[in-house]
Amino acid sequence: MTLSSQLNQILPQKFFGFIPLYIGVELILAVAIINKAGGVYGILSIITGHPLNFWQWLYNILAILVLPSYISGLIHLKNRKNSSRKISLACLVYVADSVLGLLYTFYFLYFWFSREDNNPTADPLSQRDNNIADAAIPPSSSQNSAILASESASPGRELFLTLSGTIIITVIRFYFTLVVVSFTKGLLKQDSLNMKYDDGNTYDDEEQILSDGEGIASKYKKYMYDVEMKSKDVLRNFFS
């Protein structure tokens, strides 16, 4: 059994079971655009003096780089002439972005917990003063129990909320990825049928870029056209 056939068994046919996939993809791309737009603010945080390490810089830069593909996919989602190749590129980028996002999630969790372990939350001098005061005025047994309970419960509760939130977000992102892949597969299938009935003569206005136009803007559009067509061919071969 190939990977494509195994994937078909888990691909959703409706968004959350009752919403058409294209509406789900619209929402997913819109959320992704809002999320990746935060990469701009991440880069600009250097102005406020907030320190960023190499991996945080890389994450924000990648967020900015993938933003155009999401915007283009959302804009051309209902455009029959070029939606298949636009969505194909957005789909591949979204899958790669999901995998990279998962790796970064593990990294930031490690980074966060390592900082919690290496940086005490209280100043040793102030802690010493508190200990002296506690020695001078011993708390009652009930007060002592409440203090110990709060000190022990707080880190455990924080750990639970962090891990549970991470798991929920990861599951949602995985489901969103399946929705985008499922919609792209159906779109490519419909595109193949259209080409078959149109004798392969589907007209795309941007195909003229391959032969016409000069300048940096035209070269960039031609380059993106080639990338989108290659993405379309890659997914078509994978689903076939």
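Note that this is a predicted model, so its numbers are computed, not measured. (Residues numbered from 1 in each chain as written. Predicted model: local features only at pLDDT ≥ 70, side-chain atom pairs only at ≥ 80, totals over all residues. Heavy atoms only, no water.)

S.K.: Honestly, the environment of L100 in this entry has me stumped. Any pointers?
M.R.: Residue placement: L100 occurs in helix α4 (residues 83-118). Look at L100 and you get partly exposed, because its relative accessible area is 29%. Between the C-alpha atom of L100 and that of Y59, which follows or precedes it by 41 residues, the distance is 9.0 Å. (Helix = DSSP H or I, 4+ residues; strand = E, 2+ residues; numbered from the N terminus. Buried < 20%, exposed > 50% of the residue type's maximum accessible area, 1.4 Å probe, protein only.)

S.K.: Before we go on, may I ask you to explain the side chain of T166 in this structure?
M.R.: Positionally, T166 belongs in helix α6 (residues 141-197). When neighbours within four sequence positions are excluded, T166 is seen to be in contact with T105 and L109. (Contact = heavy atoms within 4.5 Å.)

S.K.: Any chance you could explain the side chain of H76 here in plain terms?
M.R.: With respect to the helices and strands, H76 occurs in the loop between α3 (54-75) and α4. Given a relative accessible area of 18%, H76 falls into the buried group. Aside from chain neighbours lying at most four places away, what touches H76 is N82, S83 and K86.

S.K.: In this structure, what is going on with the confidence of the model for the chain? I would like to understand it.
M.R.: Residues at a pLDDT of 70 or more form 69% of the chain, whose mean pLDDT is 76. Overall, residues 120-142 carries pLDDT values under 50, and its contacts beyond four positions in sequence, including any with other chains, amount to three contacts. (pLDDT = per-residue confidence, 0-100.)

S.K.: Would you explain unusual backbone geometry in this entry?
M.R.: Across residues other than glycine, the phi torsion is negative in most instances, and most of the peptide bonds are trans. Although it is not a glycine, F16 sits at a positive phi angle of roughly 60°. When you line up the elements, F16 lands in the loop between α1 (3-8) and α2 (21-44).

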